[in-house]
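The chain contents come next:
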Amino acid sequence: MESQINLPASETEWIELLGKIPGYDPFTTARDCTFDAKAGALPLKFFDACLTHVKGKMAGSAFHLMPWQQAIMSNLFGWKRPDGTRRYREAFILVPRKNGKSSMAAGIGLFVLCMDDEPGAEVYCAAADRSQAGLVFEIAKEMVLADKCLSDRFKPYRGSIIKNSDRSFFKPVSADVATKHGFNSHLVIADEVHAMPNRNLIDVLTTSQGARTQPLTIYITTSDYDRESICNEKYDYACKVRDGIIDDPYFLPVIYEASPQDDWRSPETWRKANPCFGVSLQEEYVRRECQKAMESPSYENTFKRLQLNIKTEQDVRWLAMDKWDACGDYVDPESLRGKECYGGLDLASTSDVSALSLVFPNVNDGKSVILPFFWLPSVTAMNRVRKDRIPYDTWAKQMRITLTDGNVTDYDIIRRDVGKLAEKYRIKEIAFDRYNATQLVSQLGGDGISMVQFGQGFVSMSAPSKELEKLVVSGKIIHGGNPVLRWMASNVSVEMDAAGNIKPSRNKSSEKIDGIVATVMAIGRMHSKPFKAPSVYEKRGLLVL
């Protein structure tokens, strides 16, 4: 194996290289582990001498690891326990897109397969679906075919790379595989962990490593949004190891990220989060992506997560909060008395938030007005206050939400309150989701209120969702700064179909969005009928000549 790489020549240079992991000191956490410079140099030589880039403008050239990649490799494979086995058993590598994660992961798999001297080693690349799992595998297969030494030692097949000498193998495996038993994993590379639908596949693979002398699991991913997930679980653990909160000398945390306080529009922030910035990741590309995020609120979170590793509140931020807040002018409910409006009623389960949103078209200098109303069982509210610090108690004191006694919503109170609103305002229709709504809707209809069923699919929700976004961005709607509705607006994430239709997503949103769903339904009914502006004669009366 011949390599042209310049390796650290002294202890000082090795210490400098190993210390390049952001915020992490491998020496103070080492306990009885020691660094073996020869073992630390081996992966650097292997990449340089045996592997080539197979994609992009660098395809065909030798895989020269950058300093940040050298630090990962030397730390992973150079540190040894007293028995001579590897120090690290897990590594969490958080790096934004376009920084060469997949190629590095493929190289790690081939290095372990070549150099670990583990009989019958099973190396798996795990991902959310077949295409993602196959991405790293296909890169590894092309690397094998591009090097004579590797192609002499390995036989690549459609779904595996087999080591000729002992039948060790490298295979892709995905979360959508029905049967995931019989594994005896030596190395598990979990790619794009943020996209994993659950932890099942990772648990199956990692619990199959018990018979191996020095198993290794590497999580390679970009940031997830704020939710319960295996990605966020490992990220939180890695942060605590890095910061010295958890003492775990066998877990390597590699975290490249910007902070939420950094200016995400600044090239300095781009450079901070991306170790390949200006090399494989061109500034022009990041600038274009940033410009796209500035022009499209729905792309802002995507840019922050995938390009800067900033954990966002939701998957896709639909409503830009600066634009939302700009629509928060004061609304006097009394000034709307007798005005025409349309409603959306979103009834949750009996133990959760129910919401009614009334939208008054063009009543304030050509702007529409939203009046939201919310109900929640008091027991649920107090539990959420204690557990999640959602300020339902404060909002109740501010009369922004009505708390009903007990642990279930009292639908009679909702019926009473809606009836009072119908006496005060000219409610033309109230749109409702049929889920949980049968009895109350029937009662409200019996009270003389026109109730209209409203579908929750893309066909029904897309047009009014886009209309709400347009009204917010253009400042053509006023919501009065209601804090409950603002909270729900900040939670909302949308999903999109292949045709570009959108709708608010309860599954993807980080928290409650009932008020926004109700508002979308109200706008849907409002735009199903053309608004008739008041006649000039209604304003001034008839003139008699």
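Note that the structure is a prediction, hence the values are computed from the model and not measured.

A. Structural view of the overall build of the protein. Within the protein, the secondary structure is distributed over 20 helices and 19 strands. Seen through its C-alpha atoms, the protein measures out along the principal axes to roughly 105 × 50 × 45 Å. Burial status across the protein gives 54% buried among its 545 residues. In the protein, 70% of the contacts between residues at least 6 apart in sequence involve partners at least 24 apart. Summed over its atoms, the accessible surface of the protein is roughly 24800 Å², and 49% of this surface lies on carbon and sulfur atoms. On the protein, the mean spot of the 70 positive side-chain charges and the mean spot of the 69 negative ones are 4 Å from each other.

B. Fine view of the nonpolar core. Ranked by size, the top nonpolar core spans 84 residues in total, and within it Phe46, Leu76, Ile108, Leu110, Phe170 and Ile218 carry the most contacts. In terms of residue count, helix α4 (residues 101-115) provides more of this core than any other element does, nine residues in total. Here Phe170 is in contact with Ala106, Gly109, Leu110, Leu113, Val123, Cys125, Val136, Phe137, Ala140, Gly159, Ser160 and Ile161, once residues within four sequence places are set aside.

C. Seen up close, helix α16 (residues 438-446). Along α16, the positions that sit buried rather than exposed are Leu440, Val441 and Leu444. Across the axial projection of α16, the buried residues extend over an arc of 100 degrees, all falling on one side. Counted as exposed and oriented over 90 degrees from the buried face of α16: Thr438, Gln439, Ser442 and Gly446. Close packing links the buried residues of α16 with β11 (340-346), α15 (411-424), β15 (426-432) and β16 (451-453). Downstream of α16 by a residue or two, Gly448 has a phi angle that is positive, lying close to 95 degrees.

D. Examining the environment of Lys272 more closely. Examined against the element boundaries, Lys272 turns out to sit in helix α9 (residues 267-273). For Lys272 and Arg389, which are 117 residues apart along the polypeptide, the C-alpha to C-alpha distance reads 32 Å. Residues contacting Lys272, with those up to four places away along its chain left out, are Tyr256, Glu257, Ala258, Ser259 and Asp262. There is a polar contact of 2.7 Å between the side chain of Lys272 and the side chain of Asp262.

E. Representation of helix α19 (residues 514-526) in the model. For α19, which comprises 13 residues, the first-to-last C-alpha distance of 18 Å matches the rise-based estimate of 18 Å (1.5 Å per residue) to within 8%. Burial within α19 is extensive, with 13 of its 13 residues counted as buried.

F. Here's a closer look at the layout of surface pockets. By volume, the largest pocket amounts to about 850 Å³. Contributing to the lining of the largest pocket are 30 residues, with Lys98, Asn99, Gly100, Lys101 and Ser103 lying nearest its centre. Within the residue set of the lining of the largest pocket, elements represented by two or more residues are α4 and α5 (130-146). Class assignment for the residues of the lining of the largest pocket results in 11 nonpolar, 12 polar and seven charged. As a volume, the second largest pocket reaches approximately 660 Å³. What lines the second largest pocket is a set of 23 residues, among which Pro333, Pro372, Phe373, Met399 and Arg400 lie closest to the centre. Per-element tally for the lining of the second largest pocket: the top contributor is strand β13 (residues 367-377), with six residues. For the lining of the second largest pocket, the class distribution of residues is 14 nonpolar, four polar and five charged.

G. Local environment of empty space enclosed by the protein. Going through the model one piece at a time under the given rule, you end up with three cavities of 30 Å³ or more. Size it by volume and the largest cavity reaches roughly 40 Å³. Arg97, Glu289, Tyr299, Thr302, Phe303, Leu306 and Gln307 are the residues that line the largest cavity. Broken down by element, the lining of the largest cavity gets its largest block of residues, five residues, from helix α11 (residues 297-308).

H. Just the packing of α4 against α5, in detail. Look at α4 against α5: their axes get within 8 Å of each other, and the N-to-C directions meet at 60 degrees. Relative to α5, the crossing made by α4 is right-handed. Residues Ser102, Ser103, Ala105, Ala106, Gly107 and Leu110 of α4 form the contact with α5, whose own contacting residues are Leu135, Val136, Ile139, Ala140, Met143 and Val144. The residue makeup of the contact of α4 with α5, split by class, is nine nonpolar, three polar and no charged.

I. Spotlight on the sheet that holds strand β8 (residues 187-191). Pairing is mixed across the open sheet formed by eight strands, whose spatial order is β5-β6-β7-β4-β8-β9-β3-β10. On the outer flanks of this sheet lie β5 (154-156) and β10 (251-255), each paired with one strand and no other. Across the sheet, the mean angle separating the axes of adjacent strands is 15 degrees when strand polarity is ignored. In this structure, strand β6 (residues 161-163) lies alongside strand β7 (residues 169-174), joined through two bridges in antiparallel fashion. Along β7, the bridge assignment pairs Ile161 with Phe170.

J. Region of interest: the packing of aromatic side chains. Under the counting rule described, the total for this entry stands at 19 aromatic pairs. A ring pair is formed by Phe46 and Phe47, whose centres lie 6.4 Å apart and whose planes are at 80 degrees; its orientation type is edge-to-face. A single burial state applies to Phe46 and to Phe47, both of which are buried. A ring pair is formed by Trp395 and Trp487, whose centres lie 5.6 Å apart and whose planes are at 50 degrees; its orientation type is tilted. Here Trp487 lies in helix α18 (residues 483-491) and Trp395 lies in helix α14 (residues 392-397), a separation of 92 residues in the sequence. For Trp395, a relative accessible area of 7% puts it in the buried group. Aromatic rings pair up to connect Phe46, Phe47, Phe63, Phe77 and Phe111 into one cluster. Lys171 extends its terminal NZ or CZ atom over the ring of Phe169, reaching a point 4.4 Å from the ring centre. Taking NZ or CZ as reference, Lys292 lies 4.2 Å from the ring centre of Tyr299, over its face.

What counts, and where the lines are drawn
Residues numbered from 1 in each chain as written. Predicted model: local features only at pLDDT ≥ 70, side-chain atom pairs only at ≥ 80, totals over all residues. Heavy atoms only, no water. Helix = DSSP H or I, 4+ residues; strand = E, 2+ residues; numbered from the N terminus. Buried < 20%, exposed > 50% of the residue type's maximum accessible area, 1.4 Å probe, protein only. Contact = heavy atoms within 4.5 Å. Areas by Shrake-Rupley, 256 points an atom, 1.4 Å probe, with all protein chains shown as cover. Lys, Arg positive; Asp, Glu negative; His and termini not counted. Charge placed at Lys NZ, Arg CZ, Asp CG, Glu CD. Core = buried A, V, L, I, M, F, W, Y, C linked by side-chain atoms within 4.5 Å. Arc of directions from axis to C-beta. Polar contact = N/O pair within 3.5 Å; in protein donor to acceptor, adjacent residues only side chain to side chain. Expected span 1.5 Å × (residues − 1). 1 Å grid on protein atoms, 1.4 Å probe; cavity = no way out; pocket = protein on both sides within 12 Å on 5 of 7 lines; lining within 4 Å. Points joined across faces, edges and corners; volume = space filled by probe spheres on them. Nonpolar A, V, L, I, M, F, W, Y, C, P; charged D, E, K, R; others polar. Axes fitted to C-alpha atoms, helices over the stretch in contact; angles between N-to-C directions. Left-handed = near helix turned anticlockwise from the far one by under 90°. Pairing = 2+ DSSP bridges. Phe/Tyr/Trp six-rings, centres within 6.5 Å; stacked < 30°, edge-to-face > 60°. Lys NZ or Arg CZ within 6 Å of the ring centre and 35° of its normal.

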